[in-house]
Amino acid sequence: MSLLPDRERAPDGDISPQEMVPSRKNVVLVDGVILNGPATDVKAGEKFVEDACRLIMEEVVLKATDINEKVCEWRPPEELKRLLDLELRDAGEPHHRLLQRCQDVIRYSVKTNHPRFFNQLYAGLDYYSLVARFMTEALNPSVYTYEVSPVFLLVEEAVLKKMIEFIGWKEGDGIFNPGGSVSNMYAMNLARYKYCPDIKEKGLSGLPRLILFTSAECHYSMKKSASFLGIGTENVCFVETDGRGKMKPEELEKRVQEAKKEGAAPFLVCATSGTTVLGAFDPLDEIADICERHGLWLHVDASWGGSALMSRKHRRLLQGIHRADSVAWNPHKMLMAGIQCCAFLVKDKSDLLKRCYSANASYLFQQDKFYDVSYDTGDKSIQCSRRPDAFKFWLAWKALGTLGLEERVNRALALSRYLVEEIKKREGFKLLMEPEYANICFWYIPPSLRQMEEGPEFWAKLHLVAPAIKERMMKKGSLMLGYQPHQGKVNFFRQVVISPQVSREDMDFLLDEIDLLGRDM
């Protein structure tokens, strides 16, 4: 039965054009607010978006690969506050001034797309994932139910399925979430739930002392997760690593047995494939043997190193990952899907992920919907609103194909190999160790220290070199490169190659520039 008069309905049942035209009505006031028509100046808004997109194209995209541009326009915090005029006022600003604000934001932001930005485990510009981000920002979806996000839920399902194949599982489950740190927390909580399902309803009371094991080189999110989940940082057992930063399986076995003798309840081992500083890959097969022997959940934090799975040449680095119960893998790193794009993958296909995290919100996950509600995957997440991060990776994968992504990994590691050989040739540069991934760790030894014996005074002085060079390079804006002390070693540089826009010439420039900035020290 139609609620519209017959004269207003088109013959075929569709709504007539006349019906779509709003009728003239008197002004309606409620609490002094006029409710007729939109409150936004649509034309002005559209013009602002158009102008801002042109600015982004000219100042960000077109300049992304220009080595003549600065990597950063350094300003100290108080000066930058004044330059940006951050105060929020009662009255709004005109669009020309807002565009100037946008220009200032671009100018004083670090250009992570620049070929000479090497500071983090992400870099470069992938044009396809950038377009995907533009689209999702404009569409503003939230990925929890099929009814509000049909396309992006199907995209996520397709991407997760393909990633599961590369891990080597026949089937599995997973979800995209905001960061590898969150993936590691998911894994810790899921492993605990598998060990003790009652914890979801009954909480921590009555539980034995749970203990987990991870590498001494693991990501700091393991400690944060243990703290956040109420496990406690004292119940994170950091297993000794060898000289290359890999977990020692014999030490893991020893620590597990010790924990059992002390009356603790081991439930999880977190191995790392691609540690943050050294780029080390734990021996997964040997660790998996121990986990199977003791009935422990094996999680592999492959946030950084997981992308090597795309390369037939380098996937051997993750030998044995198919034996893991869960995996964290961040395509926004080596595969450049754009921050953030992080998958948590689980071998289990019995809805363990959903059972652990579901809250069955009746206003979202009604079971009597007119479509297949198995596509309402949001209850697998600890979030409600969730971004369609898989779409960025999907569009890039569609554009480049698996072979294109493989070439991206192979090229980055080939450039890393080139840099290593150049470091060996140059006076004043010294490798910490031969890398097995894209993390090249080295010292620059200025001329004043090159004849000094490597004793306490030498190392104390060398410790000051990397921070001083880092300050000079940032104030000059010529490049950005990270440094850190680590496991008793004084400050050294960590160079990471990711972006396909990086060339051999950029590797040469890196070493030349460090020498130029540090030779007078």
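Residues numbered from 1 in each chain as written. Predicted model: local features only at pLDDT ≥ 70, side-chain atom pairs only at ≥ 80, totals over all residues. Heavy atoms only, no water.

- Under an unreviewed UniProt entry, the name given to the protein is Acidic amino acid decarboxylase GADL1 isoform X2, and the source organism is Bos indicus.
- Regarding the protein, the UniProt comment filed under Sequence similarities (unreviewed entry) reads as follows: "Belongs to the group II decarboxylase family." (UniProt positions renumbered as here; feature names shortened; annotations may be inferred.)

1. Observations regarding the overall build of the protein
Here is step 1 of the chain: The helix and strand tally for the protein stands at 16 helices and 14 strands.
Here is step 2 of the chain: Taking the principal axes of the C-alpha coordinates as reference, the protein spans close to 95 × 60 × 45 Å.
Here is step 3 of the chain: Taking contacts inside the protein between residues at least 6 apart in sequence as the whole, the part at least 24 apart equals 71%.
Here is step 4 of the chain: Split by element, the accessible area of the protein, about 26,500 Å² in all, is 54% carbon and sulfur. (Helix = DSSP H or I, 4+ residues; strand = E, 2+ residues; numbered from the N terminus. Contact = heavy atoms within 4.5 Å. Areas by Shrake-Rupley, 256 points an atom, 1.4 Å probe, with all protein chains shown as cover.)

2. Examining the sheet that holds strand β13 (residues 480-486)
The strands that make up a sheet pair up through hydrogen bonds in the backbone, lying either parallel or antiparallel.
Here is step 1 of the chain: Read across the sheet, five strands follow the order β3-β13-β14-β12-β11 without closing on themselves; strand pairing throughout is mixed. Strands with a single pairing partner mark the edges of an open sheet, and in this sheet they are β3 (117-118) and β11 (429-431).
Here is step 2 of the chain: When β13 meets strand β14 (residues 489-496), the two strands line up antiparallel, connected through four bridges. Bridge pairing links Tyr483 to Phe493 in β14. (Pairing = 2+ DSSP bridges.)

3. With respect to the UniProt feature "modified residue: N6-(pyridoxal phosphate)lysine" (unreviewed entry) in the protein
Here is step 1 of the chain: The UniProt entry lists Lys333 under the feature "modified residue: N6-(pyridoxal phosphate)lysine" (unreviewed entry), expressed in the numbering used here.
Here is step 2 of the chain: Along the chain, Lys333 turns up in the loop between β9 (326-329) and β10 (342-346).
Here is step 3 of the chain: Lys333 has contacts with Leu121, Ser303, Trp304 and Ile498, leaving out every residue within four places of it along the chain.

4. A short note on the packing of aromatic side chains
Here is step 1 of the chain: Summed over the entire model, instances satisfying the criterion amount to 18 aromatic pairs.
Here is step 2 of the chain: On the basis of an interplanar angle of 20° and a centroid distance of 5.7 Å, the ring pair of Phe391 and Trp394 is categorised as stacked. Here Phe391 and its partner Trp394 are both found in helix α13 (residues 390-425), three residues apart, which amounts to about one turn of the helix.
Here is step 3 of the chain: With relative accessibility at 6%, the residue Phe391 sits in the buried group.
Here is step 4 of the chain: Exposure remark for Trp394: the relative accessible area of 27% places this residue in the partly exposed category.
Here is step 5 of the chain: With a centroid separation of 5.0 Å and 40° between ring planes, the pair formed by Phe393 and Trp397 is classed as tilted. Here Trp397 and Phe393 lie together in helix α13, a separation of four residues that amounts to about one turn.
Here is step 6 of the chain: Through a chain of ring-to-ring contacts, three or more aromatic side chains come together here, namely Tyr146, Phe370, Tyr371 and Tyr375.
Here is step 7 of the chain: The ring of Phe509 is capped by Arg116, whose NZ or CZ atom sits 3.7 Å from the centre of that ring. (Phe/Tyr/Trp six-rings, centres within 6.5 Å; stacked < 30°, edge-to-face > 60°. Buried < 20%, exposed > 50% of the residue type's maximum accessible area, 1.4 Å probe, protein only. Lys NZ or Arg CZ within 6 Å of the ring centre and 35° of its normal.)

5. Digging into helix α4 (residues 95-108)
Here is step 1 of the chain: Over its 14 residues, α4 runs 20 Å from end to end, which matches the ideal 20 Å to within 8%, given 1.5 Å per residue.
Here is step 2 of the chain: Residues Asp104, Ile106 and Tyr108 constitute the buried set of α4.
Here is step 3 of the chain: For α4, the secondary structure elements touched by its buried residues are α2 (42-61) and α3 (77-84). (Expected span 1.5 Å × (residues − 1).)

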